Amino acid sequence: MSRAHCAAKPLLGLGLGIALDKMAGSLFYNARMPSVSDDPARHQLLLSLRAGAVDMVHLRRGWLGWRQAHAAHAAMADPLADAAPLREKLATLAAPWKLPRGMATSVVAAADVLGVLPPGAGASALPFDAAEVSVQVMDAGRAGAGAALWIHKDWLHTLDTLCESLGWVLVEVFARGQLAFFRPVAKNGVSGVLEAGAATTQLHWYGSRGALLRSTTLDAAGAPAFRRAEAEALSMAAGLGQAEDVPVRIAVSGAEPPASATGALQWSALPAVDEARLPVQLALSSQPGIVVRERRNPWRR
């Protein structure tokens, strides 16, 4: 028997052991070495925290790449109002999944936690001293080039501590406005997404190529929120030098949009979205978030 053939036998046996482990939970293989499913590098967790709800998606890497293993949704009025109830809620949702400790976790945060500085805005546009915030400039050549994400270090500490208390590792924080809403993108102008809630409204603005320009949280709902969106839309369009005959398109989620095609604004209803899929699409995209810990990103090949 050739030396190459002899050397191939252990590899064949290992491959067979892994196959048996996946198909039938081979006790022999598990006794020899830990299951590959316990390796935190084979798991990723995505948390989406917004007013009214918490969404959590668990991805597992197998032989054919990453796939969604679990997803959970829970109603929660204000997830970050108090870290203790949020931690309890996340622990309860994740308990049946038996997640390994040390797995990388990414968070999608609302506009009142993670803000966006539009292109050309300097540190003077921040509502806090520059030393109190973490800023991530979006890379040139990517969607959002020229804009920057920012988050107060207190919020970053809160999210980091929350993940650590659950045995997870916070690696990146994204803005909710970076999610791939099925919005109308204006080819030559500004477009927006208005997420209407019971007490607050999320408002996201995008440039002609879909780049996120700004995200805000409005302490209003209904007609007052629409009026605020109209004022911001006209201000954004004027600031970007948009031609007056080019309409600003705004898609609305969670409420009936106002009458469309009035003046410089065009309103429409935002198509229903799968909240579990949106964070996955974002993590697999080339969009950068605020990096908390440098690592070789397993999402993007």
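Data block above holds the structure.
Residues numbered from 1 in each chain as written. Predicted model: local features only at pLDDT ≥ 70, side-chain atom pairs only at ≥ 80, totals over all residues. Heavy atoms only, no water.

A. Molecular detail of the overall build of the protein. Scanning the protein for helices and strands turns up six helices and 14 strands. Evaluated residue by residue, the protein yields a buried proportion of 44% over its 301 residues. Nonlocal contacts in the protein, meaning residues at least 24 apart in sequence, comprise 58% of its contacts between residues at least 6 apart. Element-wise, carbon and sulfur atoms account for 56% of the exposed surface of the protein, whose accessible area totals about 15,300 Å². (Helix = DSSP H or I, 4+ residues; strand = E, 2+ residues; numbered from the N terminus. Buried < 20%, exposed > 50% of the residue type's maximum accessible area, 1.4 Å probe, protein only. Contact = heavy atoms within 4.5 Å. Areas by Shrake-Rupley, 256 points an atom, 1.4 Å probe, with all protein chains shown as cover.)

B. Representation of helix α5 (residues 223–239). In this model, α5 (17 residues) spans 24 Å end to end at C-alpha, consistent with the 24 Å of a helix rising 1.5 Å per residue. Residues of α5 that are buried include every one of A225, F226, A229, E232, A233, M236 and A237, and no others. Buried positions in α5, seen along its axis, are confined to an arc of 130 degrees and lie on one side of it. Counted as exposed and oriented over 90 degrees from the buried face of α5: R227, S235, A238 and G239. Elements that come into contact with the buried residues of α5 comprise β9 (191–196), β10 (201–206), β11 (212–218), β12 (248–253) and β13 (265–269). Phi for G241, located one or two positions after α5, is positive at around 70 degrees. (Expected span 1.5 Å × (residues − 1). Arc of directions from axis to C-beta.)

C. The packing of aromatic side chains, seen in detail. Within the structure shown, the criterion is met by two aromatic pairs. Relative to W267, the ring of F226 lies with its centre 5.3 Å away and its plane at 75 degrees, an arrangement referred to as edge-to-face. Of the two residues, F226 sits in helix α5 while W267 sits in strand β13, which places them 41 residues apart along the sequence. Residues F226 and W267 agree in their burial class; the two are buried. One cation-aromatic arrangement involves R42 over W63; the distance from NZ or CZ to the ring centre is 5.8 Å. (Phe/Tyr/Trp six-rings, centres within 6.5 Å; stacked < 30°, edge-to-face > 60°. Lys NZ or Arg CZ within 6 Å of the ring centre and 35° of its normal.)

D. Molecular detail of the pattern of salt bridges. Here the structure, examined in full by the defined rule, presents six salt bridges. Salt-bridge contacts for E195 lead to R176; the nearest nitrogen and oxygen are separated by 2.7 Å. Pair noted here: E195 is in strand β9 and R176 is in the loop between β8 (168–175) and β9, with a separation of 19 residues, a long-range link. Comparing E195 with R176 shows no difference in burial state: the two are buried. Across the pair E275 and R176 runs a salt bridge, and its minimum N-O distance is 2.8 Å. Here R176 lies in the loop between β8 and β9 and E275 lies in the loop between β13 and α6 (277–284), a separation of 99 residues in the sequence. Residue classification places E275 among the buried positions, given a relative accessible area of 16%. (Salt bridge = Lys/Arg side-chain N within 4 Å of Asp/Glu carboxyl O.)

E. Spatial organisation of the side chain of E195. Relative accessible area serves as the criterion here: at 12%, E195 is assigned to the buried category. Separated by 2.7 Å, the side chains of E195 and R176 make a polar contact. If near-sequence neighbours (up to four positions away) are discounted, E195 is found in contact with R176, F181, T200, T201, Q202, H204 and S253. (Polar contact = N/O pair within 3.5 Å; in protein donor to acceptor, adjacent residues only side chain to side chain.)

F. How the structure looks around the sheet that holds strand β5 (residues 114–117). Pairing is antiparallel in the open sheet, where three strands are placed in the order β5-β7-β6. A single partner strand is all that each edge strand has here, and the edge strands are β5 and β6 (133–137). Across the sheet, the mean angle from the axis of one strand to that of its neighbour is 25 degrees, orientation sign disregarded. Alignment of β5 against strand β7 (residues 148–152), held across four bridges, turns out to be antiparallel. Across the sheet, L114 pairs through a bridge with I151, a residue of β7. (Pairing = 2+ DSSP bridges. Axes fitted to C-alpha atoms, helices over the stretch in contact; angles between N-to-C directions.)

G. Geometry of the nonpolar core. Ranked by internal contacts, the top residues of the largest apolar core, which has 46 residues, are M56, L90 and W168. The greatest single-element share of this core, amounting to five residues, is contributed by β8. The residues touching L90, leaving out its near neighbours within four places in the chain, are L47, V54, M56, L162, L166 and W168. Formed by 17 residues, the second largest nonpolar core is a distinct cluster that contains V190, L203, A229 and W267. (Core = buried A, V, L, I, M, F, W, Y, C linked by side-chain atoms within 4.5 Å.)

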